[in-house]
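The residues making up each chain are set out below.
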Amino acid sequence: MMTDPIADMLTRIRNAVHIERPFVDIPVSKVKIGIAETLQREGYIWDFEVIEQEPQGILRINLKYGPNGERVIQKIDRVSKPGRRVYSGSEDIPEVLQGLGITILSTNQGVLSSREARAKHVGGEILCRIY
């Protein structure tokens, strides 16, 4: 049994980027799809697709690299953990590298990046930060 599936997703992405894989396969869930949509909107991945299988589907994320093979995702960290949840209001959302990175939040309006959450004036649970 896995206690933190979001941390598992981030670790799989981190490991795939480290060895320069073109894509990574992850067991699918609604929150993971939301995180993948946010990563795509912010330009950290090319795209993603859900592959239906039994008993559980697979989320395939196509990773993005620069023209010379440089990594777009330099670092990806889990902030809120099962043992310690971290919440933030819309005015207190932390900046990552003075705006060069993003924070991904789980809000009542879905999974949003820090830029989107500030624009919509919503806060929530800080899932991870990426730069």
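Structure first, text after, so check above.
Here the structure is a predicted model, which is why all the values come from computation and not from measurement.

Colleague: Help me get a handle on the side chain of threonine 107, residues and values and all.
Modeller: For threonine 107, the location among the structural elements is in strand S6 (residues 102-107). In this structure the side chain of threonine 107 is engaged in a polar contact, spanning 2.7 Å, whose partner is the backbone oxygen of glycine 110. What threonine 107 contacts, discounting residues up to four positions off in sequence, is Leu112, Val122, Gly123 and Gly124.

Colleague: Tell me about the packing of helix H1 (residues 5-18) against helix H2 (residues 30-41), residues and numbers included.
Modeller: The interhelical angle for the contact between H1 and H2, taken along N-to-C directions, is 40°, at an axis separation of 10 Å. Viewed along their axes, H1 and H2 adopt a mutual orientation that is oblique. Read as a crossing pair, H1 and H2 show a hand that is right-handed. Packed against H1, whose contacting residues are Pro5, Ile6, Met9 and Ile13, the element H2 presents Val31, Lys32, Ile35, Ala36 and Leu39 at the interface. Of the residues that constitute the contact of H1 with H2, the class distribution is eight nonpolar, no polar and one charged.

Colleague: Outline unusual backbone geometry, supporting the account with residue identities and numerical values.
Modeller: Following glutamate 54, the chain continues to proline 55 via a peptide bond in cis, the omega torsion being 0°. Tracing the backbone through its elements, the reader meets proline 55 in the loop between strand S2 (45-51) and strand S3 (58-63). Even without a glycine there, the phi angle at leucine 97 is positive, about 50°. What makes leucine 97 partly exposed here is its relative accessible area of 48%. Phi at histidine 121 takes a positive value of approximately 60°, unusual for a residue other than glycine. Relative to the helices and strands, histidine 121 is located in the loop between helix H3 (114-120) and strand S8 (124-130). Since its relative accessible area comes to 63%, histidine 121 is described here as exposed.

Colleague: Give me the environment of arginine 71: which residues, what numbers.
Modeller: With respect to the helices and strands, the residue arginine 71 is situated in the loop between S3 and strand S4 (76-78). With relative accessibility at 32%, the residue arginine 71 sits in the partly exposed group. Through-space distance from the C-alpha of arginine 71 to that of glutamate 54 is 33 Å; in sequence the pair is 17 residues apart. In terms of polar contacts, arginine 71 uses its side chain to reach the backbone carbonyl oxygen of histidine 18, at 3.1 Å.

Cut-off values and rules
Residues numbered from 1 in each chain as written. Predicted model: local features only at pLDDT ≥ 70, side-chain atom pairs only at ≥ 80, totals over all residues. Heavy atoms only, no water. Helix = DSSP H or I, 4+ residues; strand = E, 2+ residues; numbered from the N terminus. Polar contact = N/O pair within 3.5 Å; in protein donor to acceptor, adjacent residues only side chain to side chain. Contact = heavy atoms within 4.5 Å. Axes fitted to C-alpha atoms, helices over the stretch in contact; angles between N-to-C directions. Parallel < 35°, antiparallel > 145°, perpendicular 65-115°, else oblique. Left-handed = near helix turned anticlockwise from the far one by under 90°. Nonpolar A, V, L, I, M, F, W, Y, C, P; charged D, E, K, R; others polar. Buried < 20%, exposed > 50% of the residue type's maximum accessible area, 1.4 Å probe, protein only.

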